Amino acid sequence: PGDGSGPVPGDGTDPPAPQRVLFPPTFSVSEIKNKQRRHFMFLRWKQQQRKEKLALKKKRRKEREALGDKAPPKAIPKTIENQRVYDETTVDPNDEEVAFDEATDEFAPYFNRQTVPKILITTSDRPRGRTVRFCEQLATVIPNSHVYYRRGLALKRIIPQCIARDFTDLIVINEDRKIPNGLVLSHLPDGPTAHFRMSSVRLRKEIKRKGKEPTEHVPEVILNNFTTRLGHSIGRMFAALFPHDPQFIGRQVATFHNQRDYIFFRFHRYIFKSEKKVGIQELGPRFTLKLRSLQKGTFDSKFGEYEWIHKRREMDTSRRKFHL
């Protein structure tokens, strides 16, 4: 220093400090050998990605505000759902064959108001506390439902007793390792029977900002995206659990939302803030269903005739193909 070979610190000729580049274009987290360091750098990288995405979003919004009415229409994002592979069994509301099937299927007496739903909710053998509480809360959602805890009694013996006592549907909640993991829905007396895998169960106390306990009013039922013949049948099974005439004064609504063949159940109450604004308040419980099979007739695991069985290796060849 001071020999003329380079700038002297403090003489006003210091070179500008180079900007620190956190992640070069060729950066790869997988190259970091240390596991803790790799995890830390991955979180830093994700944080930087979010900041860049947010900045780009703000920039585009300002550009649209500056252009005003001349702004181009917003691009529709590509999702798995709007790129769905067309299904030949998609239901047309004006199809005469579909209308005939609806008028003659097992649920026709319910939709013609000839029968009133009466539901029996039972469990697997010797259920644990979480499954018991879930059944009790499910009984407050479905009107005219009764909970029965079976101990060693086979379903083949329960079904004739349900038919003799005028029950229209049987719901069985199965569990594994103290967690509800399956639901069997059997329409009485002639079926069909659907078997679902259950996940993401949340009881009322586990839901944040939940509302007060539900009332005894008959809720409104909303069925979303059950578009195929199979989905149409499953939707009619869910609808047949609730009385046909809801009591809107209770402001309660039960929603079965199908998205990518996962059926999300939510139970809400409308909150009217003003004449134009309305909000919803979740009451619980909530859960997610995945259809595994649809069987003709009542439950028969050995000799039952199946209409549809989910075979993962044969059916899940494309992420854009759905069955409901």
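See the structure printed just above.
This write-up is about the structure you can find in this document. As the structure is a prediction and not an experimental result, all values here were calculated from the model. (Residues numbered from 1 in each chain as written. Predicted model: local features only at pLDDT ≥ 70, side-chain atom pairs only at ≥ 80, totals over all residues. Heavy atoms only, no water.)

1. Re the pairing of strand β8 (residues 262-272)
- Bridge count for strand β7 (residues 252-259) against β8 is 8 bridges, and the pairing is antiparallel. Within β8, the residue paired with Gln259 across the bridge is Tyr262.
- Here β7 hands over to β8 after 2 residues, with Arg260 in that stretch at a positive phi of 55°.
- Looking at chain direction, β8 and strand β10 (residues 286-295) are connected through 4 bridges and run antiparallel. The residue of β10 that forms the bridge with Phe265 is Phe287.
- Where β8 and strand β9 (residues 278-282) come together, 5 bridges link them in antiparallel fashion. Bridge pairing in β9 links Ile271 to Gly279. (Pairing = 2+ DSSP bridges. Helix = DSSP H or I, 4+ residues; strand = E, 2+ residues; numbered from the N terminus.)

2. Some remarks on the environment of Lys156
- By secondary structure assignment, the location of Lys156 is in helix α5 (residues 155-164).
- For Lys156, a relative accessible area of 46% gives the class partly exposed.
- The spatial distance from the C-alpha of Lys156 to the C-alpha of Thr298 is 8.8 Å, given a sequence separation of 142 residues. (Buried < 20%, exposed > 50% of the residue type's maximum accessible area, 1.4 Å probe, protein only.)

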